[in-house]
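Chain and residue survey
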Amino acid sequence: MALLEVEDLDVRFYTEGGVVHAVDGLSYTLDRGERLGVVGESGAGKTVAALAILDLLDDPGRIEGGSIRVDGEEVLGADPERLRRLRGGEVGMVFQDPETALDPVYTVGEQVAEAVRVHTDLDGAAADDRAVSLLDRVGIPDPATRATQYPHEFSGGMAQRAVVAIALAGDPDLLIADEPTTALDVTIQAQLLDLLDELAADDLAVQLISHDLGVVAEFCDRALVMYAGQAVESASVDDLFYRPQHPYTAGLLSAVPRIGDDRDRLRTIPGSTPDLAAPPPGCRFHPRCPYAEDACTKRDPPLVAVDGDDHRAACLAHVDDADFDGDLDFYVEVDGEADP
Ligand SMILES: Nc1ncnc2c1ncn2[C@@H]1O[C@H](COP(=O)(O)OP(=O)(O)OP(=O)(O)O)[C@@H](O)[C@H]1O
Ligand SMILES: [Mg+2]
């Protein structure tokens with residue numbers, strides 16, 4: 001049984017401008033110890049889907065349907081005590097907004113110790129000791145002294161390590177890290193990924209949400225590509241990067257800047273993410289898709305197996321009974337090696 005099973009998840013925001021269908025029929029699983037990358041442009045629903053797992057969506061957001069099972073147990077609609085165990089206890093989260101992650105008025109040690117008290121039976125000095133050992137575990141030098149300092153005394157990289165320590169306080173099985181490296185410079189980013197790598201080697205499953213396909217390629221086993229609230233492709237990282245099966249994924253890959261790329265070879269996907277209060281009919285990607293045919297304007301493609309069971313894509317080109325005549329002829333170049 002997978003550690004996390006998300007099935008047909010539906011999240012909407014009831015705003016004055018209309019109902020924003022932020023996550024629409026999202027299904028995926030994550031195994032124990034697995035590293036899953038979630039990628040997609042801004043507004044794809046990556047953060048909203050992650051917050052839904054911990055029931056942390058604020059008004060006007062509502063989970064309208066689906067199922068979220070952790071270790072086989074349904075957590076949607078769970079009581080407050082169950083949710084308390086879930087948050088931090090089973091699933092630790094590193095939130096996207098680094099500014100709000102640490103409170104400037106408490107020492108870092110106090111904040112980690114507080115998370116320890118909430119998620120374990122430890123109290124008092126035992127919680128403080130555990131906080132110091134967590135700071136040590138995430139690679140903060142001289143952790144006992146560092147614990148007495150305030151967040152402003154930490155560099156960006158050290159502060160992000162402290163945030164990871166807080167997420168680990170309850171010894172979770174799954175860490176969801178939402179753009180954990182985006183605010184960091186490249187060297188510090190690499191060090192933080194090394195830390196996540198060590199943690200994952202200790203059998204912690206990681207859901208890494210990132211704009212950066214390079215980071216996902218390097219760190220993850222599997223990747224899920226989201227577009228406009230839906231999963232459009234999921235596969236092992238190798239399959240996804242070398243043999244993408246959805247035009248959106250292929251577009252994302254060709255939009256990745258590489259060292260040595262000259263300007264006019266830097267392509268981006270034309271157009272922008274649709275308004276999720278009024279998404280286009282049929283496939284949500286069709287207005288931007290160079291392969292779109294008439295049928296794509298009418299039918300929302302299901303996520304189907306392509307190229308082996310573990311590789312799935314939601315494109316009519318892969319749906320047997322679809323009225324789609326064309327061929328997807330991606331030409332993907334990865335690290336200078338072409339793979340037609
Ligand atoms: N509080 C809110 N009210 C209304 N709509 C919201 C709210 N929060 C999120 N949304 C909408 O939900 C959609 C998904 O947002 P989400 O933050 O999950 O995107 P994301 O993939 O994490 O993007 P990014 O890469 O920028 O972090 C967006 O269209 C966004 O406008
Ligand atoms: Mg986000």
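The protein chain is annotated in an unreviewed UniProt entry as ABC transporter ATP-binding protein of Haloplanus rubicundus. Comment text from UniProt for the protein chain, heading Subcellular location (unreviewed entry), reads "Cell membrane".

It is worth spelling out the coordination of the magnesium ion (ligand 2) at this point. Around the magnesium ion (ligand 2), the protein supplies Thr 47 (OG1) and Gln 96 (OE1) as donor atoms, at distances of 1.9 to 2.2 Å. Taken as a pair, Thr 47 in helix H1 (residues 46-53) and Gln 96 in the loop between strand E6 (91-94) and helix H3 (98-101) lie far apart in primary sequence, 49 residues in all.

Here the focus is unusual backbone geometry. Following Asp 59, the chain continues to Pro 60 via a peptide bond in cis, the omega torsion being 5°. Take Pro 60: it is sitting in the loop between H1 and strand E4 (61-70). Positive phi values are uncommon outside glycine, yet Asp 8 reaches one of about 50°. Overall, the relative accessible area of 48% leaves Asp 8 in the partly exposed class. If you check the backbone angles, Asp 203 has positive phi at about 80° while not being a glycine. Within the fold, Asp 203 resides in the loop between helix H8 (186-201) and strand E8 (205-209).

Moving on: the packing of helix H4 (residues 108-119) against helix H5 (residues 124-137). Taken N-terminus to C-terminus, the directions of H4 and H5 make an angle of 115°; their axes are 8 Å apart at the nearest point. With respect to each other, H4 and H5 are oriented roughly perpendicular. In this structure, H4 crosses over H5, and the sense of that crossing is right-handed. Along its contact with H4, which presents Val 108, Gly 109, Val 112, Ala 113, Val 116 and Arg 117, the element H5 presents Gly 124, Ala 127, Asp 128, Arg 130, Ala 131, Leu 134 and Leu 135. Tallied by class, residues from the contact of H4 with H5 come to eight nonpolar, two polar and three charged.

Let us look at the sheet that holds strand E7 (residues 174-178). Ordered in space as E6-E7-E8-E3-E9-E10-E12-E11, the eight strands form an open sheet in which the pairing is mixed. Edge positions in the sheet fall to E6 and strand E11 (304-305), since each has one partner strand and no second. Alignment of strand E3 (residues 35-39) against E8, held across four bridges, turns out to be parallel. The partner of Val 38 across the bridge, within E8, is Ile 209. Strands E3, strand E9 (222-227) and strand E10 (230-236) of the sheet are contacted by helix H11 (residues 247-254), whose axis makes an angle of about 105° with E9.

Conventions we followed
Residue numbers run consecutively from 1 along every chain, following the written order of its sequence. Key to labels: chains lettered from A, ligands numbered from 1, both in the order written. Local features in this predicted model are restricted to residues whose pLDDT is 70 or higher, and side-chain atom pairs enter the listing and the counts only when it is 80 or higher, whereas totals over whole chains, interfaces and linings include all residues. Based on all heavy atoms of the structure, the side-chain values leave hydrogens and waters out of the count. UniProt positions are given in the numbering used here, feature names are shortened, and annotations may be inferred rather than shown by experiment. In this listing, donors mean N, O and S atoms no farther than 2.8 Å from the metal, or 3.2 Å for Na, K and Ca; water is missing from the atoms, so a site can look incomplete. Comment: elements are numbered from the N terminus, with helices defined as DSSP H or I runs of at least four residues and strands as E runs of at least two. Relative accessible area decides the class of each residue, using a 1.4 Å probe on protein chains only: under 20% of the type maximum gives buried, over 50% gives exposed, and in between gives partly exposed. Interaxial angle, 0 to 180 degrees, is taken between N-to-C directions of lines fitted to C-alpha atoms, where a helix line uses only the stretch in contact. If an angle is under 35 degrees, it is roughly parallel; if it is over 145, roughly antiparallel; if it lies from 65 to 115, roughly perpendicular; otherwise it is oblique. Here is the rule for handedness: rotate from the far helix to the near one, and if that takes an anticlockwise turn smaller than a right angle the crossing is left-handed, while a clockwise turn gives right-handed. Residue contacts follow a heavy-atom distance rule, with two residues in contact if any of their heavy atoms lie within 4.5 Å. Only Asp, Glu, Lys and Arg are considered charged, only Ala, Val, Leu, Ile, Met, Phe, Trp, Tyr, Cys and Pro nonpolar, and every remaining residue, Gly among them, polar. Following DSSP output, two strands are said to pair if at least two bridges run between them.

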